[in-house]
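# Chains, contacts and geometry: an overview
So the chains spell out like this:
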Amino acid sequence: MKIKKTTRKPEPAAPQDGRSVVQRALAEARQASAPPSSAQRSAEPRSASPQGAKAPAGQARTPKPDREQPRGDKPTRENPDRAKPAAAKPRGERPPRPAKPAGAGGAPGRGRGDDEHQPPGTQRLFFALKVPANLAGPIREAQRKLRGNWRNVNADQMHVTLAYLPAVPNERVDELKRLGVQLMQDLAPMQVHLRGTGYHPNEGSPRVWFVKVEAEGLTELAQALRDGIHELGLRTDDQPFKGHITLARKKGPAPRVPPLIFTQNWQAGGAVLYRSILRKTGPIYETASTFRFRAPLPTEPATEPTPTESPTPEAAIPAQAATESSPASTTTTSPAPQAAPDHQ
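None of these values were measured; they are calculated from a predicted model.

Take the pairing of strand E8 (residues 270–277) next. As judged from the 4 bridges shared by strand E1 (residues 122–130) and E8, these two strands associate in the antiparallel manner. Among the inter-strand pairings, Phe126 is bridged to a residue of E8, identified as Tyr274. Hairpin connection between E8 and strand E9 (residues 284–292): a loop of 6 residues separates the two successive antiparallel strands, and Gly282 in this loop has a positive phi of roughly 135°.

On to the sheet that holds strand E5 (residues 208–214). Spatially, E2-E6-E5-E4-E7 is the arrangement adopted by the 5 strands of the open sheet, whose pairing is antiparallel. Across the chains shown, the open sheet's two edge strands, defined by having one partner strand only, are strand E2 (150–152) and strand E7 (265–268). Strand after strand, the sheet turns through a mean of 35° between neighbouring axes, direction not considered. Summarising the sheet, strand E4 (residues 190–200) and E7 pair through 4 bridges and their orientation is antiparallel. Paired with Met190 across the two strands is Ala268, which belongs to E7.

Right, let's talk about helix H4 (residues 173–184) for a bit. Look at H4: 17 Å from first C-alpha to last across 12 residues, which is about the 16 Å you get at 1.5 Å a residue. All of the buried residues along H4 are Val173, Leu176, Leu179, Gly180 and Met184. Within H4, the buried residues cover an arc of 110° as seen down the axis, which keeps them to one side. Opposite the packed face of H4, turned more than 90 degrees from it, sit the exposed residues Arg178 and Gln182.

Before going further, it helps to spend a moment on the sheet that holds E1. Judged by pairing direction, the sheet is antiparallel, and its 4 strands sit side by side in the order E3-E1-E8-E9 without closing on themselves. The open sheet is flanked by strand E3 (159–169) and E9, the only strands paired with a single partner. The sheet shows a mean angle of 25° between the axes of neighbouring strands, direction not considered. Sheet topology places E8 next to E9; 8 bridges connect them, and they run antiparallel.

Thresholds applied
Residues numbered from 1 in each chain as written. Predicted model: local features only at pLDDT ≥ 70, side-chain atom pairs only at ≥ 80, totals over all residues. Heavy atoms only, no water. Pairing = 2+ DSSP bridges. Helix = DSSP H or I, 4+ residues; strand = E, 2+ residues; numbered from the N terminus. Axes fitted to C-alpha atoms, helices over the stretch in contact; angles between N-to-C directions. Expected span 1.5 Å × (residues − 1). Buried < 20%, exposed > 50% of the residue type's maximum accessible area, 1.4 Å probe, protein only. Arc of directions from axis to C-beta.

Pasting the structure below:
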């Protein structure tokens, strides 16, 4: 019996890709654990409908995972009702801003501040000398020289401020009236003189045009009023006193007027306590009380008569004898009534 010899075909050698056996094993393990490719997914039968695809009839829809609540007030599937906005916090009244120092009685042009907030239950007051109406003509003539955004002060509103109080409680106004009577009843009328014009501030763009005033005892009266106000526990502007009358205020670019000199004056017979009420067009001043300077004006000391020389004997001659001795004197000297019959 013949035994047929068979020859085994040699197995094809693995492709030599330059990797070791360990490296190939690691690569195969990574490939096995990797997610299936798109081609493999398309070849596999679908066991469940993907998210967003319609499920077959009779099959329950798989619930979607919970989503984060969106911001805002948009409704969601879990909460169909629109979210209510948070309740606004109740607004309380703003605390009053501290009053700015207006300084009507100090440096010219510091102003009362039209946008200044007035604390409730208080008044804006100031002591002042009133400018008489007979000065309105010269002042208006000077105001005509202004150009641009200058706003003139009406003559009936002009005054010389002595002390300014930005916020006086209503119940304490009577104390200021008593103070004014106490300080001014022993004063004599003052002779107030107008001087030259000026600007405040003097450098840069000025805001106020004014005329200076001077009077004997005016500065002392202003200081006495301020001291008395402070003793009452009330506040003033606490600025150095500078006697002036505001003629105009500037609201924008405007040229200056060369300096002017006034020669007018008036006799101030008293002072006024004014109440300042702010308006968009400017402040309005109301009279709260008036005070008279009741002391008499100082009189000049009497001068003693100068001694005269004793008359000479010739000067003591009677008039009748003088007329008889001098014929020429009869033509220049009027005869006495009782001597008239002698000349007839």
